[in-house]
Amino acid sequence: MSATLPITLTVNGESVSADVAPRVPLVDFLRETLGLTGTHLGCAHGVCGACTVRVDGAAVRGCLMLAVQADGATVETVEGVSDSGEIADLQDAFHRHNALQCGFCTAGMLMTAAELLDAGGPPPERAEIREHISGNYCRCTGYQSIVDAVEEVAQARAADKGGQA
Amino acid sequence: MKTNAFAYQRPDTAEEAVRLAAEGGDGARFIAGGQSLLAALNFRLDEPEALIDISRIATLRGIERRENRLLIGALTRHAEVAASPEVARDLPLIARAMREVAHPAIRNRGTFGGSLALADPAAEMPACALALDAVMHVLSPEGRRQVPAAEFFCGMYETALEPGELLTGVEIPLPEPGARHGFSELARRHGDYAMAGLAMMLGPRSGGVPSWARVAFFGLSDCPARSAAAEAAILSGARPEDCAAKACEEIEVFGDLNADEATKRHYAEVMLRRELTRLANDEERTA
Ligand SMILES: Cc1cc2nc3c(=O)[nH]c(=O)nc-3n(C[C@H](O)[C@H](O)[C@H](O)COP(=O)(O)OP(=O)(O)OC[C@H]3O[C@@H](n4cnc5c(N)ncnc54)[C@H](O)[C@@H]3O)c2cc1C
Ligand code: FES
Ligand code: FES
């Protein structure tokens, strides 16, 4: 019953194979088995968003998915999108706007905001940004500076696109 | 806290899933999006012996038009329902309500069928299913059966599903042209479960009144509930405030941590009055 199951998945571009017990959540597998501790575990029931990672291109809760369910999937964590430079502009904006203090929520905030910024269409309004990050708790910043940072990147990326067109 | 240890099975077909559930008996649970189940297991509110992962059964996922009905597969994710052009065009009530279901990362995994099978009393989709007269498609080793939404929700987290029965999809009749929807929800924070909510459909007007009305409330009681008294008042041509006064006439309202019974009744009345007034004003403007 506690037997392990073999899984193979791609994490931040690298293929990973492991034997895991079914009850291990994806966030624990990433942190404890793979040592990718950028993703955090807060509430363990979907409410705080600290564990948010990308699975097959979509932001999901690492605490509400089992590692065995990620068999065959492509997983990206904050380490992966940092190394690739994909969210360098967003990280820079977080830094400049003081959009992090203790940093506990930051990985989840970045992964969540990145999904909104990738959605296409006109740059999101502040209300839309707030709605999109409504599932991510930050106990330090008061959110204002986070919304500032995301808004700035959204507008900068839209301006870039306009310039290229 | 962590879940207990359990076995894990991932069938490829619905038939195999119900066979495994029958074998597993009391200790087996289906896992779809896992957005409610795993939260419960992480707190050991439930300690199953086996999880049957139905999330990769491809035939149970997707949205399909069948004549004047839309069939939404049980495993269609909330995000997919929200992004569907068919749903936006033909079932705007669901498109509207989906915006209030949880947060984006949860909508990326949570499923339409999971929401209905779970039957949280404060959830949006069960009330929409009532307002739209949806029909649930159910599979067990004994065969298939259909259950109308009106007979599906029986109580707090209780449905007409027998142990081991699988919800495979939901068939929703498309409202005729001229039908209108109303929706309203009060929650502490965007994406939270409702403190009180309203999902309703009104038939096309004939002789100044809607030809039919289905008014469903959620978050008030142990399960989503239609208000027959409010519907009758609407069909009689009563003014919005008089219809609203009937909102909770036959609904047993329960107070909770968010609001006591009297407050919830008040919310329900205000929601119904506002939505009926808004629809009446829209009508006047376009007349
Ligand atoms: C922080 C947070 C906020 C949320 N807010 C809301 C909200 O505002 N409104 C809302 O409606 N929901 C909300 N949810 C719940 C979310 O929508 C769930 O995804 C949904 O209710 C259940 O769907 P699921 O696919 O995740 O089901 P699971 O968690 O996999 O399963 C839930 C239950 O249903 C059973 N089940 C699932 N699918 C089937 C099936 N096809 N046949 C038979 N049984 C089945 C399972 O065995 C289990 O008992 C929230 C969740 C979280 C974590
Ligand atoms: S740890 Fe996953 S949402 Fe809080
Ligand atoms: S920076 Fe501390 S929780 Fe957000």
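Residues numbered from 1 in each chain as written. Chains lettered and ligands numbered in written order. Predicted model: local features only at pLDDT ≥ 70, side-chain atom pairs only at ≥ 80, totals over all residues. Heavy atoms only, no water.

## Examining the pattern of salt bridges
Residue and element names in this part refer to chain B.
Now for step 1: Counting across every chain of the model gives 34 salt bridges over all chains.
Now for step 2: With its nearest N and O atoms 2.8 Å apart, the salt bridge here joins Arg180 to Glu283. Taken together, the residues span a long stretch of sequence, with Arg180 in strand S11 (residues 180-186) and Glu283 in helix H12 (residues 261-286) at a distance of 103 residues.
Now for step 3: Exposure remark for Arg180: the relative accessible area of 15% places this residue in the buried category.
Now for step 4: The class for Glu283 is partly exposed, based on a relative accessible area of 25%.
Now for step 5: Its salt-bridge partner being Asp282, residue Arg285 comes within 3.5 Å of it at the nearest N-O pair. Residue Arg285 and its partner Asp282 are both found in helix H12; the two are separated by three residues, about one turn of the helix.
Now for step 6: On the accessibility criterion, Arg285 (65% relative accessible area) is exposed.
Now for step 7: Taking relative accessible area as the criterion, Asp282 reaches 28% and is therefore assigned partly exposed. (Salt bridge = Lys/Arg side-chain N within 4 Å of Asp/Glu carboxyl O. Helix = DSSP H or I, 4+ residues; strand = E, 2+ residues; numbered from the N terminus. Buried < 20%, exposed > 50% of the residue type's maximum accessible area, 1.4 Å probe, protein only.)

## Some points on the pairing of strand S1 (residues 5-11) of chain A
Two faces, one strand: in a regular strand the side chains alternate between the faces of the sheet.
Residues and elements named next belong to chain A.
Now for step 1: Note: S1 against strand S2 (residues 14-20), seven bridges, orientation antiparallel. Note that in S2 the partner of Thr10 across the bridge is Ser15.
Now for step 2: Hairpin geometry of S1 and S2 is characterised by an intervening segment of two residues between the two adjacent antiparallel strands and by a positive phi of about 50 degrees at Asn12.
Now for step 3: Pairing geometry for S1 and strand S5 (residues 74-76), over two bridges, is parallel. Bridge pairing in S5 places Val11 opposite Val75. (Pairing = 2+ DSSP bridges.)

## Some words on the sheet that holds strand S4 (residues 58-61) of chain A
All names here are of chain A.
Now for step 1: Taking strand neighbours across the sheet as the criterion, the five strands line up as S2-S1-S5-S3-S4 in an open arrangement whose pairing is mixed. Unpaired on one side and paired on the other, S2 and S4 mark the two borders of the sheet. Here the strands of the sheet are splayed against their neighbours by 40 degrees on average, with no regard to which way each runs.
Now for step 2: Sheet contacts for helix H4 (residues 106-117): strand S3 (52-55), S4 and S5; angle to S3, the most-contacted strand, approximately 45 degrees. (Axes fitted to C-alpha atoms, helices over the stretch in contact; angles between N-to-C directions. Contact = heavy atoms within 4.5 Å.)

## So, the confidence of the model for chain B
Now for step 1: A residue-level look at chain B finds 99% of positions with pLDDT of 70 or above and a mean pLDDT of 96.
Now for step 2: The ipTM assigned to the predicted complex is 0.95, against a pTM of 0.96. (pLDDT = per-residue confidence, 0-100.)

## So, the domain arrangement of chain B
Now for step 1: Once the domains are mapped, chain B shows domain 1 (7-53), domain 2 (58-173) and domain 3 (180-286).
Now for step 2: Relative placement of domain 1 of chain B and domain 3 of chain B: their C-alpha centres are 36 Å apart. (Domains from an automatic or database assignment.)

## Side note on the site of ligand 1
Now for step 1: Inspection of the region around ligand 1 gives 34 residues, with B:Phe30, B:Gly34, B:Leu37, B:Thr111 and B:Glu124 positioned closest.
Now for step 2: More than one chain reaches ligand 1: the nearby residues come from chains A and B.
Now for step 3: The side chain of B:His78 places a nitrogen or oxygen atom 3.0 Å from an oxygen atom of ligand 1.
Now for step 4: B:Ala102 has a polar backbone atom sitting 3.3 Å from an oxygen atom of ligand 1.
Now for step 5: Notes on ligand 1: free accessible area 970 Å², of which the protein chains cover 92%.
Now for step 6: Put simply, the parts of the chain that give the shell around ligand 1 at least two residues each are strand S2 (28-31), helix H7 (112-118) and strand S10 (166-173) of chain B.
Now for step 7: The greatest single-element share of the shell around ligand 1, amounting to four residues, is contributed by H7(B).
Now for step 8: Among the residues making up the shell around ligand 1, the classes are represented as 18 nonpolar, twelve polar and four charged. (Near = heavy atom within 4 Å. Polar contact = N/O pair within 3.5 Å; in protein donor to acceptor, adjacent residues only side chain to side chain. Areas by Shrake-Rupley, 256 points an atom, 1.4 Å probe, with all protein chains shown as cover. Nonpolar A, V, L, I, M, F, W, Y, C, P; charged D, E, K, R; others polar.)

## A few points about the domain arrangement of chain A
Residues and elements named next belong to chain A.
Now for step 1: You can read the domains of chain A as domain 1 (5-81) and domain 2 (85-158).
Now for step 2: A straight line from the C-alpha centre of domain 1 to that of domain 2 covers 21 Å.
Now for step 3: Facing 20 residues of domain 1, the contacting portion of domain 2 comprises 16 residues.
Now for step 4: Approximately 1,400 Å² of surface area, both sides summed, lies buried where domain 1 meets domain 2, with 56% of it carried by carbon and sulfur atoms.
Now for step 5: On the domain 1 side of the contact with domain 2, Arg54, Val78 and Val81 bury the most area, a combined 36% of that side's loss.
Now for step 6: Here domain 1 and domain 2 share two salt bridges between them.
Now for step 7: Measuring nitrogen to oxygen at the nearest pair gives 3.8 Å for the salt bridge that ties Arg54 to Asp118.
Now for step 8: For the pair domain 1 and domain 2, the interface holds seven residue pairs in polar contact (both at pLDDT 80 or more).
Now for step 9: Elements supplying a minimum of two residues to the side of domain 1 that touches domain 2: S3, S4 and helix H2 (78-83).
Now for step 10: Across the side of domain 1 that touches domain 2, the residue classes break down as nine nonpolar, eight polar and three charged. (Buried area = accessible area lost by both parts, 1.4 Å probe.)

## Observations concerning the interface of chain A and chain B
Now for step 1: Contacts between the two partners involve 30 residues from chain A, matched on the other side by 32 residues from chain B.
Now for step 2: Carbon and sulfur atoms make up 55% of the surface buried where chain A meets chain B, a total of about 2,600 Å² over both sides.
Now for step 3: Where chain A packs against chain B, one counts two salt bridges.
Now for step 4: Put simply, B:Lys2 and A:Asp28 hold a salt bridge, and the shortest N to O gap is 2.7 Å.
Now for step 5: Where chain A meets chain B, there are 17 residue pairs in polar contact (both at pLDDT 80 or more).
Now for step 6: Those elements that place two or more of their residues in the side of chain A that touches chain B are S4 and helix H5 (126-132) of chain A.
Now for step 7: The greatest single-element share of the side of chain A that touches chain B, amounting to four residues, is contributed by S4(A).

## Comments concerning the packing of aromatic side chains
Now for step 1: Taken as a whole and assessed by the stated rule, the structure comprises two aromatic pairs over all chains.
Now for step 2: Look at B:Phe152 and B:Phe153: their rings are 5.1 Å apart centre to centre, the planes differ by 85 degrees, and that puts the pair in the edge-to-face class.
Now for step 3: Just above the ring of A:Tyr137 sits the side chain of A:Arg139; from NZ or CZ to the centre is 4.5 Å. (Phe/Tyr/Trp six-rings, centres within 6.5 Å; stacked < 30°, edge-to-face > 60°. Lys NZ or Arg CZ within 6 Å of the ring centre and 35° of its normal.)

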